[in-house]
Amino acid sequence: MIERVPGTEVTDPPHGTPSGTLRETAADLMTARLPDYTVDQYKEAMHWFQDEIAAPLGLTTVFDPILYIDGNATQALEEMARDGELTVRIRAALEITPEDDLTDWIKAAKAERAKHTHGMFKTPAVKVFADGVVEGHTAYLAEPYADAEEYKGDPDFRGEPIWQPAAMNEAFRRLDKAGFQIHVHSIGDAATSETLDALAYARKANGKRDWRPGITHLQLVAPGDFARFAKLGVVAVPDPYWFLKDDYYTYLQVPYLGQQRADDEYPMRSFFKAGVTVASASDFPVTLPPAPLTGVAVGVTRWDPVLVTEYPAPPSLEGILWPAERASVKQMIRSFTLDDAKANFLEKRIGSIKVGKRADLVLHTLDRPEMRPTSDMIRALVFASRAKSIRSVIVDGRAVVSCAQKARRFEGKHVITQEGLSAEERLRWSECFVTAGASQCGYCSPGIVMKAEALLHKHPDPTREEIEHALLGNLCRCTGYVKVIDAIELDDTGSAKKSPSTYWLEAPSTARATR
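The text that follows walks through the structure, step by step, so that each part is easy to find. Every chain is numbered on its own, with residues counted from 1 as its sequence reads. Where totals are concerned, whole chains, interfaces and linings use all residues; where local detail is concerned, this predicted model gives features only for residues with pLDDT of at least 70, and gives and counts side-chain atom pairs only at 80 or more. The side-chain figures draw on all heavy atoms in the structure; neither hydrogens nor water molecules are used.

**A word on unusual backbone geometry**
Looking along the chain, the bond that leaves Phe-284 and enters Pro-285 is cis, with omega of 10°. By the secondary structure assignment, Pro-285 is in the loop between helix H11 (269–273) and helix H12 (292–301). Geometrically, the link from Leu-288 to Pro-289 is a cis peptide bond, its omega value of -15° lying close to zero. In this text, helices come from DSSP runs of H or I with a minimum length of four residues, and strands from runs of E with a minimum of two, each type numbered from the N-terminal end. The residue Pro-289 is located in the loop between H11 and H12 in this model. Its identity as a non-glycine residue notwithstanding, His-217 has a phi of 85°, on the positive side.

Right under this line is the structure:
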């Protein structure tokens, strides 16, 4: 028998053998028994993130919402900061659950926070889950799910909170008193309302201070709660990449929420109108790639022409999700820069170009923030967000992003650049791409060139999954990455496997950054 955890869902199988899913913190029943990654493995993963994700996208500061007290990941980041290996500034939160003893947890969290004083890595925040997600029927809603009767056998079922109100009130009061910044996952409108209630309780008990708590995701928000965000000084942390009538909308949100609520999800402009600080996020790795200008584009238009034109889609995808909530380009850019910095108490150091601030700069070719939300504008933004002039080279058989490396890392290494490929190799690759119809822009091609070279020299017969993993960071919807994989898979008739090489194009530099 699987013990049920409050605020989660576990369905007993008919024959005693688990065959379904563990939702929300019920998954801890399994993950708590799995070994953690080692400190060295976390370091390797962080180097990969810095080289393959952050550098190509221009990310200079990130917020990691879930770390653990005395965890290996926390130790790895501290050691990397101390040894000068972090090229991305990190602010992080330590997760707390309703099952934790508040007194013991706060004592341990304060000790953990005191360990991390380096400017590149600190743990000033605490992460709280108020509810789950709509697609799992674990989001906490103000009104019942549209399919409540079918799903639960209860027409009034609206999910349930992970924290009971009294417990959340007391937790927030004590966490705020201990000086922690509170960061809350909240999807449903009822969850957000109760989170604001608890924050109001903590502020009344402890007094007003510059605390900047954040609530993230915000799929459904009660109309009266926008003003409460502003009054309480709560930062809205939405994920604009999701503001689309995509497959989630069509096949999950409309059936589970009903048409009206699905059409009124993911507000954005209402936060700006209410004077709320809005710090946009990606929820990486849920969103891939976490390209800031893609978030800007979708936040402005709430529509993606690529989604409509490149894939077979139901008619519902043709529409714009809640047009009244479209934000301006300037508002969206600020939400990914200065207000993201403000959410992390870093606005005096980063987030804008100003004398005395850190030189975290972004260069791109799009310089028309006055543009109205048209299809031409979103295509320009999406192209700019996905363009990568970041050069990859092969270092001792391994593809690396060259502009993200320090020169000392190449000492004594055998380096092959695109210029080191022969004319024959380029021709063979170009034939493979033409045969497969793998049209690829000049921004992504250089990275694909060398990553494919390194992969195929190491694994002459990779699977499609191995190819896709090797090209992560260079595959994007704008150019039909399925055909790129097809091109790399070609055999004798234009064999990339037997003679790996790639036709490539030069392109001007383009870089992007977010908080």
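**Comments concerning the pairing of strand S5 (residues 214–217)**
Examined bridge by bridge, strand S4 (residues 181–186) and S5 share 4 bridges and lie parallel to one another. Looking at the pairing, Ser-186 lines up with His-217 of S5. What joins S4 to S5 is helix H7 (residues 189–206), and the crossover it makes is right-handed. Sheet topology note: the S5/strand S6 (residues 235–238) ladder contains 4 bridges and is parallel. What sits directly across from His-217, in S6, is Pro-238. A pair of strands is considered paired only if DSSP assigns at least 2 bridges between the two. Here the term right-handed applies to a crossover when the path leading from its first strand over the helix to its second strand runs clockwise, the strands being oriented away from the viewer.

**Remarks on helix H3 (residues 72–82)**
Burial classification: accessible surface area is computed with a 1.4 Å probe over protein chains only, and a residue below 20% of its type maximum counts as buried, one above 50% as exposed, and the rest as partly exposed. Counting buried residues along H3, 8 of its 11 residues qualify, which places the element largely inside the surrounding structure. Elements in contact with the buried residues of H3: helix H2 (39–57), strand S1 (61–67), strand S2 (89–95), helix H4 (102–115) and strand S3 (121–129). Gly-84, located one to two residues past H3, shows a positive phi value of around 75°. In this analysis, two residues are considered to be in contact whenever any of their non-hydrogen atoms come within 4.5 Å of each other.

**Side note on the packing of aromatic side chains**
Pairing of aromatic rings covers Phe, Tyr and Trp, the last counted by its six-membered ring, and requires centre-to-centre distances within 6.5 Å; plane angles under 30 degrees mean stacked, over 60 mean edge-to-face, and any other angle means tilted. Evaluation of the coordinates by the stated rule reveals 10 aromatic pairs. Ring centres of Phe-49 and Phe-284 lie 5.5 Å apart, and the angle between their planes is 45°; on these two criteria the pair is classed as tilted. Here the residue Phe-49 occupies a position in helix H2, and Phe-284 occupies one in the loop between H11 and H12, the gap between them amounting to 235 residues. The exposure class of Phe-49 is buried, given its relative accessible area of 12%. Chaining the aromatic ring pairs together yields one cluster made of Tyr-145, Tyr-151 and Phe-157. Two conditions define a charge located above a ring, namely a distance within 6 Å from the ring centre to NZ of Lys or CZ of Arg, and an angle within 35 degrees of the ring normal. Arg-113 extends its terminal NZ or CZ atom over the ring of Phe-180, reaching a point 4.1 Å from the ring centre.

**So, a negative patch on the surface**
A contiguous patch of negative charge, built from Asp-28, Glu-99, Asp-100, Asp-101 and Asp-104, is present on the exposed surface. Position of Asp-101 among the secondary structure elements: in the loop between S2 and H4. On the basis of relative accessibility, which here comes to 43%, the residue Asp-101 falls in the partly exposed class. Patches were defined on residues exceeding 30% relative accessible area and lacking a salt bridge, with like-charge contacts within 9 Å and nonpolar side-chain contacts (Val, Leu, Ile, Met, Phe, Trp, Tyr) within 5 Å. Per-residue accessibility takes into account occlusion by the displayed protein chains alone, with areas from the Shrake-Rupley method and a 1.4 Å probe. The rule for a salt bridge is simple: a side-chain nitrogen of Lys or Arg has to be within 4 Å of a carboxyl oxygen of Asp or Glu. When charges are tallied, Lys and Arg are placed among the positive residues and Asp and Glu among the negative ones, while His and the ends of the chain are skipped. The atom standing in for a charge is NZ when the residue is Lys, CZ when it is Arg, CG when it is Asp and CD when it is Glu.

**Looking at the sheet that holds S5**
Think of a sheet as strands paired side by side through backbone hydrogen bonds, with each pair either parallel or antiparallel. Spatially, S1-S2-S3-S4-S5-S6 is the arrangement adopted by the 6 strands of the open sheet, whose pairing is parallel. Two strands lie at the open edges of the sheet, namely S1 and S6, each paired on one side alone. Taking the axes of each pair of neighbouring strands and ignoring which way they run, one obtains an average angle of 30° across the sheet. Geometry is summarised by axes, namely lines fitted to C-alpha atoms with helices restricted to the contacting stretch, and by angles between N-to-C directions that run from 0 to 180 degrees.

Fair warning: the whole summary comes from geometry, so function is off the table for now.
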